[in-house]
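The residues making up each chain are set out below.
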Amino acid sequence: MSAPIVLSATFQSGPDDNHYLRQGSSDTIQAFEDAVGELEGGAALAFGSGMAAMAAVVEGQQSGAVAVVPSSGYSGCVSLFDEQQRMGRMQVRPVDISDTAAVVAALPGADLLWLESVTNPLMGVADLAELIGAAHDVGAVVCVDSTFSTPLVLRPLEHGADVVMHSATKYLSGHSDLLMGVLITRSAPLGAALKLRRDLTGAMPGALEAFLALRGLRTLAVRMQRAQANAMELATRLAAHPAVTAVRFPGLASDPGHERASRLHEGYGAMIAFEVAGSAQHAEQVCQSVRLISHATSLGGVESLIERRARYAVDAAHGTPPTLLRLSVGIEHVEDIWADLAQALARAAALSDVVP
Ligand SMILES: *Cc1c(COP(=O)(O)O)cnc(C)c1O
């Protein structure tokens, strides 16, 4: 029932073949690619991390290419594009990707439109169908980082995206025990170009990672079902909590992304961002006070994780409020998660005299 862990890096030559792991020869990795390809509706290529997958798309652009990118998004993404601009390799146009008119205005002359299905960590929802159509009108390639959504919530290829990217480190593997990335496309030439990037940069994942990711993938549906139900309940309770000033979660009817997510997605995911009353110190106190939830970076595992993203300079510089906490909701019992959040928020609220 399981694909074997093939640890060989080189294979004996046949009459007309010559296999080496870096060129994609591994049954374990191939099995993972087949599974993810079927889920997204295209052909998948696995990478050693989400960043390696992202870099294959970005660094495969011609020198001087114009990219329209999220002004606020995953820190690694924002930093990678900043670096391309700084090195003079790419002309980067940052826009709020939940503002359709702003994206459309930035598109003329663009070669690449980079989107996040739901932005990290501000939870903005892009109008995927509309933006992909507008990008194709100007001849730009569209890549969607769908890490927050998983193929169970959104399948960007069905909306016309050229490439879908996942950090498989997150929901796809789901147990916070490996780094992997994946790109999925329906275009054979694009797939070949991306595979060439992977071959040339040596960005293959390891076989053990692929084995673990396949093992995690088997429970993706039940994990997502539970985590999403937990997230909906927690977001609703947080929105009514006196120590919380704002909740960003597309499942809430009051959320600016609610209408789009209801129309384009099947579910609202399990990531929540919320702002704590007071200062950054109050928000940090919540992170220091949780006992069931872990104070840790990353997301998408079975265990709930919380983090104040503005502790990173790149997030703070790209518009993340200092009091914002990003909560990756796990599959624990919802009452246990809530009890932990409630006691941590009470501890933060008790810090009434902190220096502003
Ligand atoms: C974590 C993450 C990445 C980077 O993935 P790694 O596997 O950590 O390299 C990219 N995009 C998003 C949205 C992420 O959350």
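Residues numbered from 1 in each chain as written. Predicted model: local features only at pLDDT ≥ 70, side-chain atom pairs only at ≥ 80, totals over all residues. Heavy atoms only, no water.

Student: Please clarify how the overall build of the protein chain should be interpreted in this entry.
Tutor: When helices and strands are counted, the protein chain shows 13 helices and 12 strands. Looking at the protein chain as a whole, 54% of its 356 residues are labelled buried. Restricting to contacts in the protein chain with at least 6 residues of sequence separation, those with at least 24 account for 71%. Here the protein chain displays about 14,500 Å² of accessible surface, and carbon together with sulfur accounts for 54% of that area. Each charge class in the protein chain was averaged separately, 24 positive and 37 negative side chains, and the resulting centres sit 3 Å apart. (Helix = DSSP H or I, 4+ residues; strand = E, 2+ residues; numbered from the N terminus. Buried < 20%, exposed > 50% of the residue type's maximum accessible area, 1.4 Å probe, protein only. Contact = heavy atoms within 4.5 Å. Areas by Shrake-Rupley, 256 points an atom, 1.4 Å probe, with all protein chains shown as cover. Lys, Arg positive; Asp, Glu negative; His and termini not counted. Charge placed at Lys NZ, Arg CZ, Asp CG, Glu CD.)

Student: So what exactly am I meant to see when it comes to the environment of D16 here?
Tutor: Along the chain, D16 falls in the segment before α1 (27-40). Between the alpha carbons of D16 and M232 there is a distance of 55 Å; along the sequence they are 216 residues apart.

Student: Whenever I open this one, the packing of aromatic side chains confuses me. Can you help?
Tutor: The geometry of an aromatic ring pair comes down to the distance between the two centres and the angle between the two planes. Within the structure shown, the criterion is met by 1 aromatic pair. Over the ring of F47 we find R198, and its NZ or CZ is 6.0 Å from the ring centre. (Phe/Tyr/Trp six-rings, centres within 6.5 Å; stacked < 30°, edge-to-face > 60°. Lys NZ or Arg CZ within 6 Å of the ring centre and 35° of its normal.)

Student: How should I be thinking about the sheet that holds strand β1 (residues 43-47) in this particular structure?
Tutor: Strand pairs in the sheet, formed through backbone hydrogen bonds, run parallel or antiparallel to each other. The strand order across the open sheet formed by 7 strands is β1-β7-β6-β5-β4-β2-β3, and the pairing between neighbours is mixed. Pairing within the sheet leaves two strands with one partner each, and these edge strands are β1 and β3 (90-95). Strand-to-strand, the axes of this sheet are offset by a mean angle of 20°, without reference to chain direction. Sheet topology places strand β5 (residues 141-145) next to strand β6 (residues 163-167); 3 bridges connect them, and they run parallel. (Pairing = 2+ DSSP bridges. Axes fitted to C-alpha atoms, helices over the stretch in contact; angles between N-to-C directions.)

The values reported here are purely geometric and, on their own, carry no functional implication.
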